[in-house]
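Now for the letters of each chain:
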Amino acid sequence: MHDQVPFARRRRVPSEVECLSKSKRLETRAWASTLVVVVALRSTLLRSPGLGEAAHRLWKHSLLAASATQEIASELPPWETAGFLAGLLHDLGQLVVLGFVAELPAWQEDGSDPSAETVDKILDATHAPLGAMVLASWGFPEAFCEAVLTHHDSSQATENTISLAGAMELGHRIANQIEEGWPSDCGDLPEFLISLGARAGLDVDRLADVAAEAEANLEALTKLS
Ligand SMILES: [Fe+2]
Ligand SMILES: [Fe+2]
């Protein structure tokens, strides 16, 4: 009796070219969905009446964080192609809060706007869980949502998520530092940024490279708008 089954379906081993083109297809699909989110987020933030100057600042911050997180995550499997989207969406909850704040005057007897201090307090308290909730309702992976939830303190993330959460927090803090002004001497960077970089395997020179790349990308992306 033959120990081979002549008509059994044999699994064909894909060639290297096929494997490469499959990973290319996955990469292309990831970039296509990223592009859709970029366009949707950009028109919501920049074209919605009533969201004000804060929406423009959020758009710029999101683009800087997207480029920085992409650089950081590009060597962190399995997140190599997720960094740009992760950085772009890390503060999505702020958009929800800005939309809510724009509606608030209609609910006030005198129609007044809430103070900037009140808006900041609402943003601080709610934007991370709100962003994670919205992304979960859109079907984003649990780890991605958890990274958004913990992006202000990635040490709170679970083991499966901590590398993406760390990249996202670092991308967000690099964007903040660019907005405040990147120091000409890297030794003048805040200690927390240096140690967060070290946790992700980036020394101060690499942090400066990532920041310079993010600024250059922001300029290029802004020209496209
Ligand atoms: Fe945030
Ligand atoms: Fe942020």
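Our subject is the structure listed above.
Calculation criteria
- Residues numbered from 1 in each chain as written.
- Chains lettered and ligands numbered in written order.
- Predicted model: local features only at pLDDT ≥ 70, side-chain atom pairs only at ≥ 80, totals over all residues.
- Helix = DSSP H or I, 4+ residues; strand = E, 2+ residues; numbered from the N terminus.
- Contact = placed C-beta atoms within 7 Å.
- Buried ≥ 20, exposed ≤ 12 C-beta atoms within 10 Å, placed from the backbone.
- Core = buried A, V, L, I, M, F, W, Y, C linked by C-beta atoms within 7 Å.
- Axes fitted to C-alpha atoms, helices over the stretch in contact; angles between N-to-C directions.
- Parallel < 35°, antiparallel > 145°, perpendicular 65-115°, else oblique.
- Left-handed = near helix turned anticlockwise from the far one by under 90°.
- Nonpolar A, V, L, I, M, F, W, Y, C, P; charged D, E, K, R; others polar.

A. Up close: the overall build of the protein. Helix and strand content of the protein: nine helices and zero strands. The helix and strand sequence of the protein, counted from the amino end, reads α-α-α-α-α-α-α-α-α. Of the contacts made within the protein by residues no fewer than 6 positions apart, 57% connect residues no fewer than 24 positions apart.

B. Molecular detail of the environment of Leu-221. Mapping Leu-221 onto the fold places it in helix H9 (residues 204–224). Owing to 17 C-beta atoms within 10 Å, Leu-221 belongs among the partly exposed residues under this scheme. Spatially, the C-alpha atom of Leu-221 lies 9.8 Å from that of Lys-60, the residues being 161 residues apart in sequence.

C. Structural view of unusual backbone geometry. Omega for the bond connecting Pro-77 with Pro-78 falls within 30 degrees of zero, at 5°, which places this linkage in the cis form. With respect to the helices and strands, Pro-78 occurs in the loop between helix H2 (52–73) and helix H3 (83–89).

D. Spotlight on the nonpolar core. Counting residues in each nonpolar core, the largest one holds 46 residues, and the members touching the most others are Ala-68, Ala-86, Val-148, Leu-164 and Ala-167. Those elements that provide at least two residues to this core are H2, H3, helix H4 (92–107), helix H5 (116–137), helix H6 (142–149), helix H7 (162–180) and H9. For this core, the leading source of residues is H2, giving 10 residues. Beyond its immediate stretch of four places on either side in the chain, Ala-167 contacts Thr-69, Ile-72, Ala-73, Leu-76, Trp-79, Gly-83, Ala-86 and Ala-200.

E. Fine view of the environment of Ala-86. With respect to the secondary-structure elements, Ala-86 resides in helix H3. Sequence spacing of Ala-86 and Met-168 is 82 residues, and the spatial spacing of their C-alpha atoms is 6.6 Å. Ala-86 has contacts with Thr-69, Ala-73, Phe-144, Ala-147, Leu-164, Ala-167 and Met-168, leaving out every residue within four places of it along the chain.

F. Up close: H6. Among the eight residues that make up H6, six are buried, leaving the element largely enclosed by the rest of the structure. For H6, the complete set of buried residues consists of Phe-144, Cys-145, Glu-146, Ala-147, Val-148 and Leu-149. Summarising the contacts, the buried residues of H6 are in contact with H3, H5 and H7.

G. Representation of the packing of H5 against H6 within the structure. Relative to each other, H5 and H6 sit at 165°, their axes nearing to 7 Å. Looking at the two axes, H5 sits roughly antiparallel to H6. Between H5 and H6 the crossing geometry is right-handed. Here Ala-128, Pro-129, Gly-131, Ala-132, Leu-135 and Ala-136 of H5 come into contact with H6, specifically with Phe-144, Cys-145, Glu-146, Val-148 and Leu-149. Across the contact of H5 with H6, the residue classes tally to nine nonpolar, one polar and one charged.

H. Structural detail: the environment of Ala-167. One can find Ala-167 in helix H7. Looking at Ala-167, the number of C-beta atoms within 10 Å reads 30, which means it is buried. Put simply, Ala-167 and Gly-197 are 30 residues apart on the chain and 8.9 Å apart in space, counted from C-alpha to C-alpha.

I. Molecular detail of the packing of H2 against H7. Contact pair H2 / H7: the axes reach a minimum separation of 8 Å and the direction vectors enclose 135°. Taken together, the axes of H2 and H7 lie oblique to each other. Taken as a pair, H2 and H7 cross one another with a handedness that is right-handed. Together, His-61, Leu-64, Ala-65, Ala-68, Thr-69, Ile-72 and Ala-73 of H2 and Leu-164, Ala-167, Met-168, Leu-170, Gly-171, His-172, Ile-174, Ala-175, Ile-178 and Glu-179 of H7 make up the contact between the two elements. A per-class count over the contact of H2 with H7 returns 12 nonpolar, four polar and one charged.

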